[in-house]
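# Coordinate analysis (summary)
Chain by chain, the residues:
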Amino acid sequence: MSTVVASLSAVDVVRCYGTDRALDGASLDVQPGEVHALIGFNGAGKSTLMKSFMGMSRPDSGVVRVLGAAVDAAGPDVWRRVGHMIESPLAYPDLTVDENLGVAAALHLVPPRAARVRAEDLLTRLDLGAWRGRRASQLSHGNRQRLQIACATIGLPDVLVLDEPTSALDPRGVVLVRGLLEDARARGCGVLVSSHHLDEVSRIADRISVMHRGRLIGALPPGGLDLERTFFELVHAYDTSVPS
Amino acid sequence: MRPATRVEWLKLRRSRTARATAVVVCLSVPLTTVGMVVGARSGRAGGAAAGKLEMLTADATTTGHLGLAAQLLTVVALLGGGFLSTWVFGREFSDGTVGGLFALPVTRGRIAGAKMLLAALVTVAMTTTAGCLTILGIVVIDGTALDPDAAGRAWALLGGGALTSLLTPVFGLVASLARSYLAGVGALIATVAAAQLVVTFGGGLWFPFAVPALWSGAGGTDMAAAVGPEHLATVPVFAALVTWATIRTWNRLRLD
């Protein structure tokens, strides 16, 4: 009998900055073929948790795994199956859109011919073709974010971690990115995405977890009505039961 | 070419900062050297400049002019190569692209190694170009072919530039540790000043940043003759330590 390995899993993760507990026993998993949304206030610990998965932050305690491998021990075979966009993107201002995609493909060890095919596909799907010869520094904020998402997905990852991927996008850009995430899910990719837009995550996510004060404190029903109210009730209930 | 090297080469080629640095390094040394010699000969320089020119060009032979060029080239190689090195590492932090270098099958250590290798090679190419142009300029203004002694000085000039290039990755390490290219620039300025002081107080033969300049004749022919293999060895030993420390720093880097 085979067991499915989680795309991402975190168990009792703690990360402190001085006396501030950015992660206070956070536990979360993302299964293959699932979009798991993470919502919470600024400073709730969403980015820190995502950075722990990508090896950018080392937890003080707890276990963090990517595709079954401990993050510290994960090698090239694991990381070539991972794409991410967390805070700082892989898009160089001096390079054109085409060149940035080439850089991302090379660093994900995508063979050159496959990289060209995927780059063409992403340029079309994210409507970036008109700007392919432009330097990234000359793009609008929204188009730069589309480029960053294209760079994160050019390796056809099995795991995708996106921190606020639509924060700078117009409604059309949001729809394009949503289509990309739906396709990723359809081919079995496990997606962890953070957002402040409850309506947006409600449309795409299979699970919605609420993060607050470094912990996962509950879940919201995807597609449910009045998510904002439920979210605030969860947060209020937690603050009442666990005073800071 | 390995992916990390291919990517870093593209980034370096496209960087306007790197292009501007290359132009400054390649042209500043020959133009300044030839300009100083011509200025001293003309006798038209006045005030403080006249005194400096007279002092710097006191040895009016071709060998003396090559010694003057060595002083300039080794300092410019350190400044230009150091700036290039601090930029290729520091830009990842200032451009906010460093996070994209995590969670990749190409390790950050390999990426850092490629950055160091390319920055050093480009610096060698820049200083060699500047050195060749300078030697050509000196031959033209002196109007004579290089005699064996001067030819030896010319080779030492090129070697001094190349050796200095091997020292410049340390400023990339400083930029990486401080996560800012400005810190690398600060360390660069401090190092140039420290080299002057160390030489003044007689410790230059064991100070890696002064050895290439002394060997190439910046301190005169007697000082150049005093530079032995053991002194020259301080440069590759220092470069090897910096390489190890930089790769280790990038492999252990966290963005907390």
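What counts and what doesn't
One numbering rule holds for all chains: residues counted from 1, following each sequence as written. Whichever chain is written first is A, and whichever ligand is written first is 1; the rest continue in order. Only residues with pLDDT of at least 70 get local features here, since the model is predicted, and only at 80 or more are side-chain atom pairs given and counted; chain-wide, interface and lining totals rely on the full set of residues. To obtain the side-chain values, all non-hydrogen atoms of the structure were included, while hydrogens and water were left out. Strands are runs of DSSP state E lasting at least two residues, helices are runs of H or I lasting at least four, and both sets are numbered from the N terminus onward. Atoms counted for the radius of gyration: C-alpha only. Globule rule: 2.2 Å times residue count to the power 0.38. Categorising residues by exposure relies on relative accessible area from a 1.4 Å probe, with only protein chains included: less than 20% of the type maximum marks a residue as buried, more than 50% marks it as exposed, and the intermediate range marks it as partly exposed. Contacts: residue pairs with any heavy atoms within 4.5 Å of one another. For the accessible areas, the method is Shrake-Rupley and the probe is 1.4 Å, while residue cover comes only from the protein chains on display. Residues counted as positive are Lys and Arg, residues counted as negative are Asp and Glu, and His and the chain ends are not counted. Charged side chains are reduced to one point each, which is NZ for Lys, CZ for Arg, CG for Asp and CD for Glu. Only strands that DSSP links by at least two bridges are regarded as paired with each other. Only the contacting stretch of a helix is used when fitting its axis, a line to C-alpha atoms as for every element, and angles between N-to-C directions run 0 to 180 degrees. Looking at any residue, its pLDDT shows the predictor's confidence there, from 0 to 100. Put simply, a salt bridge is a Lys or Arg side-chain nitrogen that is within 4 Å of an Asp or Glu carboxyl oxygen.

Each helix and strand counted, chain A has 8 helices and 10 strands in total. Relative to the 2.2 N^0.38 estimate, which gives 18 Å for 244 residues, the radius of gyration of chain A is 18 Å and therefore close to what a compact globule would have. Judged by the C-alpha coordinates and their principal axes, chain A covers about 55 × 45 × 40 Å. Out of the 244 residues in chain A, the part that is buried amounts to 53%. Within chain A, residue pairs in contact and separated by at least 24 positions form 69% of the contacts whose partners lie at least 6 positions apart. Entry remark: accessible area of chain A is about 10,600 Å², with carbon and sulfur atoms responsible for 51%. Between the mean site of the 26 positive side-chain charges and the mean site of the 28 negative ones, chain A shows a separation of 5 Å.

Residues and elements named next belong to chain A. Read across the open sheet, the 4 strands follow the order β2-β1-β4-β5; overall the sheet is antiparallel. The open sheet has two edge strands with one neighbour each: β2 (20–30) and β5 (69–70). Relative to β2, strand β1 (residues 8–17) runs antiparallel, the two sharing 8 bridges. What sits directly across from R15, in β2, is L23. Lying on the sheet, helix α1 (residues 46–53) is in contact with β1, β2 and β4 (61–66); it crosses β2 at an angle near 60°.

When the pLDDT values of chain B are averaged, the result is 91; 94% of them are 70 or greater. Scoring of the predicted complex yields 0.91 for pTM and 0.93 for ipTM.

Let's shift gears to the environment of A184 of chain A. All names here are of chain A. As for its placement among the helices and strands, A184 is situated in helix α6 (residues 171–186). The exposure class assigned to A184 is buried, which follows from its relative accessible area of 3%. Residues A184 and R229, spaced 45 residues apart in sequence, show a C-alpha to C-alpha distance of 30 Å. Look past the residues within four positions of A184 in its chain and what remains in contact with it is C189 and V191.

Let's shift gears to the pattern of salt bridges. Within the structure shown, the criterion is met by 25 salt bridges over all chains. The salt bridge partner of D206 of chain A is R185 of chain A, with a shortest N-O separation of 3.0 Å. Residue D206 of chain A is found in the loop between α7 (198–204) and β9 (207–212), and its partner R185 of chain A is found in helix α6; the two are separated by 21 residues along the sequence. Exposure remark for D206 of chain A: the relative accessible area of 36% places this residue in the partly exposed category. Across the pair R91 of chain B and D95 of chain B runs a salt bridge, and its minimum N-O distance is 3.3 Å. Given a relative accessible area of 4%, R91 of chain B falls into the buried group. Looking at D95 of chain B, the relative accessible area reads 27%, which means it is partly exposed.

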